[in-house]
Amino acid sequence: MKRIGVLTSGGDSPGMNAAIRAVVRKAIFHDLEVFGVKNGYQGLMEGNIVQMDLGSVGDIIQRGGTILFSARSEEFKTDAGQQRAIDQLNKFGIEGLIVIGGDGSFRGAQKLTDKGFPCIGVPGTIDNDISGTDFTIGFDTSLNTIIEAVDKVRDTATSHERTYIIEVMGRNAGDLALWAGLAGGAESILIPEKKEDFSDIVDRLKRGHDRGKKHSIIVLAEGVGSGFEYGDKIEKATQLETRVTVLGYIQRGGSPTATDRVLASRLGAKAVELLKANDGGRMVGIQNNQLVDYAFDEVFTENHTINEEMYQLSKELSI
Ligand code: F6P
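### So, the packing of aromatic side chains
- Enumeration over the complete set of coordinates arrives at eight aromatic pairs.
- For the pair Y41 and F76, a centre-to-centre distance of 3.9 Å together with 5° between the ring planes defines the contact as stacked. Separated by 35 residues along the polypeptide, Y41 in helix 2 (residues 40-46) and F76 in the loop between strand 3 (49-52) and helix 3 (79-91) bring together distant segments of the chain. Neither Y41 nor F76 differs from the other in exposure class; each is buried.
- Relative to F296, the ring of F106 has its centre 5.5 Å away and its plane inclined at 45°; by these criteria the two rings are tilted. Here F106 is found in helix 4 (residues 103-114), whereas its partner F296 is found in helix 10 (residues 296-301), with 190 residues between them in sequence. Like F106, the residue F296 is buried in the burial classification.
- Each member of the aromatic cluster is reached from another via a ring pair, and the members are F106, F296 and F300.

### Here's the deal with the nonpolar core
- Counting 30 residues, the largest nonpolar core has I4, M52 and I98 as its most contacted members.
- Counting 27 residues, the second largest nonpolar core, distinct from the first, contains M169, L178, L247 and M310.

### As for the sheet that holds strand 11 (residues 290-295)
- The seven strands lie next to each other as 3-2-1-4-5-10-11, forming an open sheet whose pairing is mixed. Edge positions in the sheet fall to strand 3 and strand 11, since each has one partner strand and no second. Across the sheet, the mean angle separating the axes of adjacent strands is 30° when strand polarity is ignored.
- Bridge count between strand 2 (residues 33-37) and strand 3: four bridges; the pairing is antiparallel. Each bridged residue has a counterpart across the sheet, and for F35 the counterpart in strand 3 is Q51.
- Of the strands in this sheet, strand 1 (3-8), strand 4 (96-101), strand 5 (119-123), strand 10 (282-287) and strand 11 are in contact with helix 9 (residues 258-276), which crosses strand 10 at around 140°.

### A look at the site of the ligand
- Within the structure, the ligand sits among R72, T125, I126, D127, M169, G170, R171, E222, Y249 and R252.
- The contact in question runs from an oxygen atom of the ligand to an N or O atom on the side chain of R252, over 2.8 Å.
- Looking at side-chain class alone, the shell around the ligand contains three nonpolar, two polar and five charged residues.
- Each of domain 1 (3-138 + 256-301) and domain 2 (140-253) contributes no fewer than three residues to the shell around the ligand.

### Examining the domain arrangement of the protein
- The domain boundaries assigned to the protein delineate domain 1 (3-138 + 256-301) and domain 2 (140-253).
- Just the C-alpha atoms count here: the centres of domain 1 and domain 2 sit 34 Å apart.
- Counting residues at the interface gives 15 residues for domain 1 and 14 residues for domain 2.
- Where domain 1 abuts domain 2, roughly 1200 Å² becomes buried across the two surfaces, and 50% of that area is made up of carbon and sulfur atoms.
- Taken together, the connections running from domain 1 to domain 2 amount to two salt bridges.
- A salt bridge links R171 to D127; the nearest nitrogen and oxygen atoms lie 3.9 Å apart.
- Residues that form the side of domain 1 that touches domain 2 fall into these classes: four nonpolar, six polar and five charged.

### Brief notes about the packing of helix 1 (residues 16-29) against helix 9
- The contact between helix 1 and helix 9 brings their axes to 7 Å, and the two run at 40°. With respect to each other, helix 1 and helix 9 are oriented oblique. As helix 1 packs across helix 9, the resulting crossing turns out to be right-handed. In this structure, helix 1 contributes A18, A19, A22, V23, K26 and A27 to the contact, and helix 9 contributes R261, A264, S265, G268, A269, V272 and E273.

### Regarding the pairing of strand 10
- By the criterion of burial, strand 10 is predominantly enclosed, with five of the six residues buried.
- Strand direction decides the pairing type here: strand 10 and strand 11, joined by six bridges, are antiparallel. Bridging across to strand 11, M283 finds its partner in Y294.
- Following strand 10, the chain reverses through two residues before pairing antiparallel with strand 11; N288 in that reversal takes a positive phi of roughly 50°.

### A closer look at the pattern of salt bridges
- Applying the stated criterion across every chain, the model contains 15 salt bridges.
- The closest approach of N and O atoms between K152 and E148, which form a salt bridge, is 3.6 Å. With K152 and E148 both in helix 5 (residues 139-160) and four residues apart, this pair spans about one turn of that helix. Of the two residues examined, K152 and E148, each falls in the exposed class.

Here is what the cut-offs are and how they apply
Residues numbered from 1 in each chain as written. Predicted model: local features only at pLDDT ≥ 70, side-chain atom pairs only at ≥ 80, totals over all residues. Heavy atoms only, no water. Phe/Tyr/Trp six-rings, centres within 6.5 Å; stacked < 30°, edge-to-face > 60°. Helix = DSSP H or I, 4+ residues; strand = E, 2+ residues; numbered from the N terminus. Buried < 20%, exposed > 50% of the residue type's maximum accessible area, 1.4 Å probe, protein only. Core = buried A, V, L, I, M, F, W, Y, C linked by side-chain atoms within 4.5 Å. Pairing = 2+ DSSP bridges. Axes fitted to C-alpha atoms, helices over the stretch in contact; angles between N-to-C directions. Contact = heavy atoms within 4.5 Å. Near = heavy atom within 4 Å. Polar contact = N/O pair within 3.5 Å; in protein donor to acceptor, adjacent residues only side chain to side chain. Nonpolar A, V, L, I, M, F, W, Y, C, P; charged D, E, K, R; others polar. Domains from an automatic or database assignment. Buried area = accessible area lost by both parts, 1.4 Å probe. Salt bridge = Lys/Arg side-chain N within 4 Å of Asp/Glu carboxyl O. Parallel < 35°, antiparallel > 145°, perpendicular 65-115°, else oblique. Left-handed = near helix turned anticlockwise from the far one by under 90°.

Given below as structure tokens:
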């Protein structure tokens, strides 16, 4: 293989640029030509493709977002759209494609691979919801953004002796909420993977208040429901003044942490190695700090699970 492409797809995440940089630099180091596809699969179908050189990825390792932009594409979900994409790749003489994104993006990469065009997936999403890897690119940065917010909310919660609900992203996964709740010392962590009786949440808040707790913080994963609806229910049930903060898209931005930059560099480089070996239809990941790779269909059959030990610990430490 002498000519490869790279694109970013789905929700962007801090560290995607570090991954793009690693793909381009690794490819050129090994005498491959590398082309950047702009605007994800939509741009691919439209032929929005430019050759990249060492300078194309200068001074981006520290930048959030993605210099290749990202988009979600309904048309690409069709056979015709996928064929349009392959026609464009063939027109540019590109022989393999690296897709940096989440599981939805990997499903698109699998479709291209099934049609004979080799793709490699690099897990880039803040949600950390892809089985086959302990961590996805962007999760650590987003987690630290959330913690910064939790610490700030804690100050005002104390001043006003209030209960605060902080709604975080994660789509249908609870990793951001679980890790942020544990690191932020939350009284309750509500995640889609663990249904919790509302009465238990209320009892815990009341017990804390009765033993003199000045405030309570509840971290709610968006996959459980609306923070504002929960806040209303909790204030009515506990008669404790309750406020809600929905962190929203700040969780998707910011300069990537060192952890995410190193993870992105390692995964991006590994993806080039797999393509060079003509090993398509796979994703790269990290497990116990070792680089691994799995066939896409192994990934799709497994559901990402939360860390049970951490979840139990969060219960014990928030008595
Ligand atoms: O997948 C990343 C993510 O930020 C999710 O946590 C969130 O639910 C979703 O993207 C938001 O999607 P969009 O950027 O299309 O609004």
